[in-house]
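Topology and contacts: notes
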Amino acid sequence: SRVVRRPTLRAGIVPRVSRPAVPVRHLDQMITSMPWGLRNRFNGGWATQYSQHWYMHGGGFCHTFHWLVPPATHFDTHPEYFSLVGGKRRWEDAQLCISNPEVAEVAARTAIESLRGAAPTRRMLDVSAMDWTGHCECDNCKAIERETGAWSGLLLTFVNRVAELVEKEVPGATITTLSYWDSNRPPSSDIKARPNVAVRYCLDWGASFTWPYHSFYDGKLAEEPPTQTNQRVAQRQSWARWRELSPRMHLW
């Protein structure tokens, strides 16, 4: 920083009100973990010492299924809590059976215990799939997926259940989930996110990391490959649909 020294500081008062479209922007770069990020009003990044993001300390930031329902604790006694893949229950390279109401109860208990120990300004916790495949193929999971029109509908149904249980014990806490990978396609049904749920929309799916970033609100750019334009149009449509289902959106 270069700050010019003055014996007396005089500054006019400039009233200013900001109403951002999204409350949290997870830019997820180390540069936003610095005071420079705060100076530019970034509230994403990894560092919590500058109060830059609201997540509680611990394992509740993203890809939390196995943190909320630990396989080491539950798989031997309750294999039905975990994915049915190829006719067998498994947890390795797999997810949870999120149509099982008991799984929502176990996940909610973990979330409640963690959120109770967090400062009021950090009562935000994520409920999202592990960062790999292995989704449950049981009849109940598949039925909800068909009913809602996408795997994200099954996920949001589960997240809503967890959020409802959490709200009873920790009112004011926010439960987030990811629109990412298998959940980037929004449900086609009219399922709505609960008021204490925020969908975190991830812009990395279908993105080009070798092409300069442009907002998905931009029109066609002369220098941009057609495939990149198509990706941004698809993202814009997906974002608009998610906004219909979840008034509270976070952007990653």
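Basis of the calculations
- Residues numbered from 1 in each chain as written.
- Predicted model: local features only at pLDDT ≥ 70, side-chain atom pairs only at ≥ 80, totals over all residues.
- Heavy atoms only, no water.
- Helix = DSSP H or I, 4+ residues; strand = E, 2+ residues; numbered from the N terminus.
- Contact = heavy atoms within 4.5 Å.
- Areas by Shrake-Rupley, 256 points an atom, 1.4 Å probe, with all protein chains shown as cover.
- Salt bridge = Lys/Arg side-chain N within 4 Å of Asp/Glu carboxyl O.
- Buried < 20%, exposed > 50% of the residue type's maximum accessible area, 1.4 Å probe, protein only.
- Arc of directions from axis to C-beta.
- Axes fitted to C-alpha atoms, helices over the stretch in contact; angles between N-to-C directions.
- Parallel < 35°, antiparallel > 145°, perpendicular 65-115°, else oblique.
- Left-handed = near helix turned anticlockwise from the far one by under 90°.
- Nonpolar A, V, L, I, M, F, W, Y, C, P; charged D, E, K, R; others polar.
- Phe/Tyr/Trp six-rings, centres within 6.5 Å; stacked < 30°, edge-to-face > 60°.

1. Let's talk about the overall build of the protein
- In terms of regular secondary structure, the protein is built from 7 helices and 6 strands.
- For the protein, the N- to C-terminal ordering of α and β elements is α-α-α-β-β-α-β-α-α-β-β-α-β.
- Across the protein, contacts joining residues at least 24 apart in sequence account for 65% of those joining residues at least 6 apart.
- Surface summary for the protein: the accessible area is close to 14,200 Å², and the carbon and sulfur share equals 54%.

2. Thoughts on the pattern of salt bridges
- In total, this model carries 5 salt bridges according to the counting rule given.
- Arg116 is paired through a salt bridge with Glu169; the nearest N and O atoms lie 2.6 Å apart. Of the two residues, Arg116 is situated in helix α4 (residues 101-116) and Glu169 in helix α6 (residues 151-169); the sequence distance between them amounts to 53 residues.
- What makes Glu169 partly exposed here is its relative accessible area of 44%.
- Here Asp126 and Arg200 are joined by a salt bridge, their closest N and O atoms 3.0 Å apart. Here Asp126 is found in strand β3 (residues 124-126), whereas its partner Arg200 is found in strand β5 (residues 197-201), with 74 residues between them in sequence. Of the two residues, Asp126 and Arg200, neither departs from the other in class, the shared state being buried.

3. Remarks on unusual backbone geometry
- Positive phi, close to 55°, is recorded for Asp93, a residue that is not glycine.
- Within the element layout of this structure, Asp93 appears in the loop between β2 (88-89) and α4.
- Look at Asp93 and you get exposed, because its relative accessible area is 54%.
- Located in the positive-phi region is Trp181, a residue other than glycine, with phi close to 55°.
- Topologically, Trp181 is positioned in the loop between β4 (174-179) and β5.
- Exposure remark for Trp181: the relative accessible area of 39% places this residue in the partly exposed category.

4. A closer look at helix α5 (residues 139-148)
- Those residues of α5 lying buried are Cys141, Ile144 and Thr148. Along the axis of α5, the buried positions cluster into a sector of 65°, meaning they face one direction only. When the buried face of α5 is taken as reference, the exposed residues oriented beyond 90 degrees from it are Asp139, Arg146 and Glu147.
- Of the residues flanking the end of α5, it is Gly149, one or two places downstream, whose phi is positive at about 90°.

5. What to know about the packing of α4 against α6
- Close contact between α4 and α6 brings their axes to 9 Å; oriented N to C, the two are set at 45°. Put simply, α4 runs oblique to α6. Here α4 runs over α6; the crossing is right-handed. Of α6, the residues touching α4 (which contributes Val103, Ala104, Glu105, Ala107, Ala108, Ala111, Ile112, Leu115 and Arg116) are Phe158, Arg161, Val162, Leu165, Val166 and Glu169.
- Of the residues contributing to the contact of α4 with α6, the split by class is 11 nonpolar, no polar and 4 charged.

6. Topic: the packing of α5 against α6
- One way to put it is that α5 packs onto α6 with a least axis distance of 7 Å and a crossing angle of 110°. On the basis of the axis angle, α5 is roughly perpendicular to α6. Contact residues: Cys141, Ile144, Glu145 and Thr148 in α5; Trp151, Gly153, Leu154, Thr157 and Arg161 in α6.
- Partitioned by chemical class, the residues of the contact of α5 with α6 number 4 nonpolar, 3 polar and 2 charged.

7. A few points about the packing of aromatic side chains
- Counted according to the given criterion, the structure contains 4 aromatic pairs.
- When the ring of Phe75 is compared with that of Phe82, the centres are 5.5 Å apart and the planes differ by 65°; the resulting orientation is edge-to-face. For the pair Phe75 and Phe82, a shared accessibility class is recorded, and that class is buried.
- Each ring, one from Tyr201 and one from Trp239, has its centre 5.4 Å from the other, and the planes form 80°; the classification is edge-to-face. Of this pair, Tyr201 sits in strand β5 while Trp239 sits in helix α7 (residues 226-245), and the two are 38 residues apart along the sequence. Assigned by exposure class, Tyr201 and Trp239 land together as buried.

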